[in-house]
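Here is what each chain is made of, one letter per residue.
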Amino acid sequence: MTELKSHENDIAKFDLVIPDEKFEKAINDVYKRTKNRYRVDGFRKGHVPRKMIENIYGKGVFYDDAINETFPEIYRNAIEELNLDVIAQPKVDFEEIKKGEDLLLHIEVETKPHPVLGDYSQIEVKEVNTEVTEEDIDNELKREQEKNARIKPVEDRAAKNGDKVNIDFTGYLDGEKFDGGESENYDLTLGSHTFIPGFEEQIEGHNISEKFDVNVTFPENYQAEDLAGKDAKFEVKINSIEEKEYPEINDEFAKDISEFDTILELREDYRKKLEVSKKENAKRIIENDAIDYLVKQSEIKVPDAMVEEQIDREMDNFSQRIQQMGVTVDQYIEITGQNIDKIKEQFRPAAIERVKADLVVDEVAFKENIEVTDEDIEKEIEESAKQNGIKDLEKFSEMFKKNVSKRYIVENIKRKKAIEILANHVKLVKEEPQKSEE
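This is a predicted model, so every value here is computed, not measured. (Residues numbered from 1 in each chain as written. Predicted model: local features only at pLDDT ≥ 70, side-chain atom pairs only at ≥ 80, totals over all residues. Heavy atoms only, no water.)

> So what's going on with the packing of aromatic side chains? Which residues, and what values?
This model, assessed by the stated rule, comprises 19 aromatic pairs. Seen from their ring centres, Phe195 and Phe234 are 6.4 Å apart, and the 80° between their planes marks the pair as edge-to-face. Residue Phe195 is located in the loop between strand 8 (176–189) and helix 5 (199–203), and its partner Phe234 is located in strand 10 (residues 231–245); the two are separated by 39 residues in the primary sequence. On the accessibility criterion, Phe195 (15% relative accessible area) is buried. On the basis of relative accessibility, which here comes to 2%, the residue Phe234 falls in the buried class. Each member of the aromatic cluster is reached from another via a ring pair, and the members are Phe169, Phe178, Tyr186, Phe195, Phe199, Phe218, Tyr222 and Phe234. Cation over ring: Lys233 sits above Tyr172, and NZ or CZ is 5.5 Å from the ring centre. (Phe/Tyr/Trp six-rings, centres within 6.5 Å; stacked < 30°, edge-to-face > 60°. Helix = DSSP H or I, 4+ residues; strand = E, 2+ residues; numbered from the N terminus. Buried < 20%, exposed > 50% of the residue type's maximum accessible area, 1.4 Å probe, protein only. Lys NZ or Arg CZ within 6 Å of the ring centre and 35° of its normal.)

See the structure below:
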C-alpha cells in the first residue's frame, strides 16, 4: 500500500519501493538486451559476462535502464491508488542502491490544482437568437447554387469581379525582380482578396492576351518583412478568363439537388434543418458563455505544464490543418519566415484560457461529486461511433477501449455532466437593442 507523505501547494510527495527480486530481474534483462554493445579483449562480442562489464564500467552500469524498465508500472499503480491527477513528469530521487535490498524511490510530482470557484447558482449569459429568417434560407440556396455553378470560358469581354483569371506576373521593387514575385499560369479569382490589396481590382477591365502594369503597396504588417510597406510594380499578362454560370433557383433546381419537387418544399426543409442547427449552436454558445462567466468569477492557478500540453495539442491540430492544404509545417515556416517557437507562442493566450475553462469545469465535477457509470461509458462510445459514421458498434467499442484510456473517457464524461449542471443554472438575459443616434 502506497502512503501519501504530503500534498501541499499541488505537489504530492510519496515513496515507492521496487522489490529487490524485481529490480535484479530488470538488471539481468537489461544486460541481456545490451551486452552486444560491450567489447572486452578475450571475449567474443555479446559474450562478455555481466560481472566483467560491471567491474569495468561500474556496478551501476545497468541501474538507470533497470529503473526505467520497472518504474512506470509501479508509478502508474501508485497514482491510481492515491487518486492523484498528475499533470507533469515526476521528480525521482533515490539513495544508494544496495545489492540484496529493496530500492526506495522518493517521488515528487505536480498535480492538477483546485480553483476557488465563484458562485454558479445563478449564471447570467446573453440570450442567443435562434430565429430562422428568409434571408438564412436564401443564403443556403445561394450556397447550393454556388456548388452547382457551371464554369465557362469568356472571350468576348474584359475581366470583371467574380471571374477566375489565369495570369503570368513578374514583380519589381525599385526596378529589380524580387524573390517570390514571379509566377506563370496562376489562377486568381477576382474579388477573393487573396492577393495584395489593390492587385485584383487593377486586373478588372483588361482582356485576354493583354499585358499591363499593376502598382501596389505591400501592407505594413506583411509577413515577409523585407517587402512590408514597400511599393511594387507587377507586369501582368492575362492568359484566360472564366466565369460561373449559375442555375436559376426554381422547381427544376429543387428537383436536381434534392428529393423535393418544388422550391417551396425545399425551402421548408432548409427551415427545419436550420432551426435544429441554430438551437444546437445556441446551446454550445450558452454553455461556453456559462464557463467563461464562472472563469471570471473564480480564482484559478494556471500550471505551466498544462499550458504547454495544450499548446502542443493546438500545434498538432494546426499541423493537421495545413497538411490538409498540402503544406507541411517546415514549408509553412519557410513561407512565413517564422520559427516553431514563434508559432507556438501564438497559441499561448488561447491555451491559457482553455486550461482555465477545463480547470473550473473539472472543479464543478469534483464539487458536485459527479459519478460515471459503465452505462455512461457505453453511451459515450455509441455517440462517438455515430459521429464518425461507424456502423459496426461492437468492433468500434473494442478498438476504442483498447486505444483510449478509461481515465480519459471518464474525465470527458464528467466534464459533459458538469457543463450540463452549469447550463441548468443559466439565466438568459435579453440583449437590449442598440439605440440609434439622433
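Still to come is the rest of the account.
> Just give me the short version of the layout of surface pockets, but keep the residues and values in it.
Which parts of space are left empty comes out when a probe the size of a water molecule is rolled across the atoms. Approximately 500 Å³ is the volume attributed to the second largest pocket. Surrounding the second largest pocket, 19 residues form its lining, Gly180, Gly181, Phe195, Tyr222 and Gln223 being those nearest its centre. Looking at the lining of the second largest pocket, the element that brings in the most residues is strand 8, giving seven residues. When grouped by side-chain class, the residues that make up the lining of the second largest pocket number 11 nonpolar, five polar and three charged. (1 Å grid on protein atoms, 1.4 Å probe; cavity = no way out; pocket = protein on both sides within 12 Å on 5 of 7 lines; lining within 4 Å. Points joined across faces, edges and corners; volume = space filled by probe spheres on them. Nonpolar A, V, L, I, M, F, W, Y, C, P; charged D, E, K, R; others polar.)

> Describe the sheet that holds strand 1 (residues 4–8), listing the residues and the values that go with them.
Strand pairing in a sheet is mediated by backbone hydrogen bonds. Such pairs are either parallel or antiparallel. A sheet is described by the order of its strands in space; here four strands give the open sequence 1-2-4-3, paired in antiparallel fashion. Every interior strand has two partners, whereas the edge strands, strand 1 and strand 3 (91–94), have only one. Across the sheet, the axes of successive neighbouring strands diverge by a mean angle of 25°, strand direction being ignored. Bridging between strand 3 and strand 4 (residues 103–110) involves four bridges; their strand directions are antiparallel. Among the inter-strand pairings, Val92 is bridged to a residue of strand 4, identified as Ile107. Across the sheet, helix 3 (residues 63–81) lies against strand 2 (11–18), strand 3 and strand 4, angled at about 125° from strand 2, the strand it touches most. (Pairing = 2+ DSSP bridges. Axes fitted to C-alpha atoms, helices over the stretch in contact; angles between N-to-C directions. Contact = heavy atoms within 4.5 Å.)

> Mind laying out the nonpolar core, listing which residues take part and the relevant values?
In this structure, Phe14, Leu16, Phe23 and Tyr75 are the most contacted members of the largest nonpolar core, which totals 29 residues. When residues of this core are traced back to their parent elements, those giving at least two are strand 2, helix 1 (20–34), helix 3 and strand 4. Top contributing element to this core by residue count: helix 3, with eight residues. When neighbours within four sequence positions are excluded, Phe23 is seen to be in contact with Ile18, Tyr63, Ala66, Ile67, Thr70, Ile97 and Leu103. Counting residues in hydrophobic clusters, the runner-up holds 23 residues, among them Leu173, Ile203, Val216 and Ile241. (Core = buried A, V, L, I, M, F, W, Y, C linked by side-chain atoms within 4.5 Å.)

> How would you summarise the pattern of salt bridges if you had to cite specific residues and measurements?
It is possible for side chains of opposite charge to pair when their charged atoms get near one another. This model, assessed by the stated rule, comprises 42 salt bridges. Here Glu146 ties to Lys244 by a salt bridge, and the two come within 2.2 Å at their closest N and O atoms. Of this pair, Glu146 sits in helix 4 (residues 134–147) while Lys244 sits in strand 10, placing them 98 residues apart in sequence. By relative accessible area, Glu146 is classed as partly exposed at 34%. (Salt bridge = Lys/Arg side-chain N within 4 Å of Asp/Glu carboxyl O.)

> Kindly report on helix 10 (residues 340–367), identifying the contributing residues and their values.
Taking 1.5 Å per residue, 28 residues should reach 40 Å; helix 10 reaches 39 Å between its end C-alpha atoms and fits that length. A maximum bend of about 40° is found in helix 10 at Arg348, where proline Pro349 lies one to four positions downstream. Two or three places before Asp341, at the opening of helix 10, Asn339 has a side-chain oxygen 3.1 Å from that residue's backbone nitrogen. Immediately downstream of helix 10, the backbone of Asn369 shows phi near 55°, a positive value. (Expected span 1.5 Å × (residues − 1). Bend = angle between axes of the 7 residues up to and from the residue. Polar contact = N/O pair within 3.5 Å; in protein donor to acceptor, adjacent residues only side chain to side chain.)

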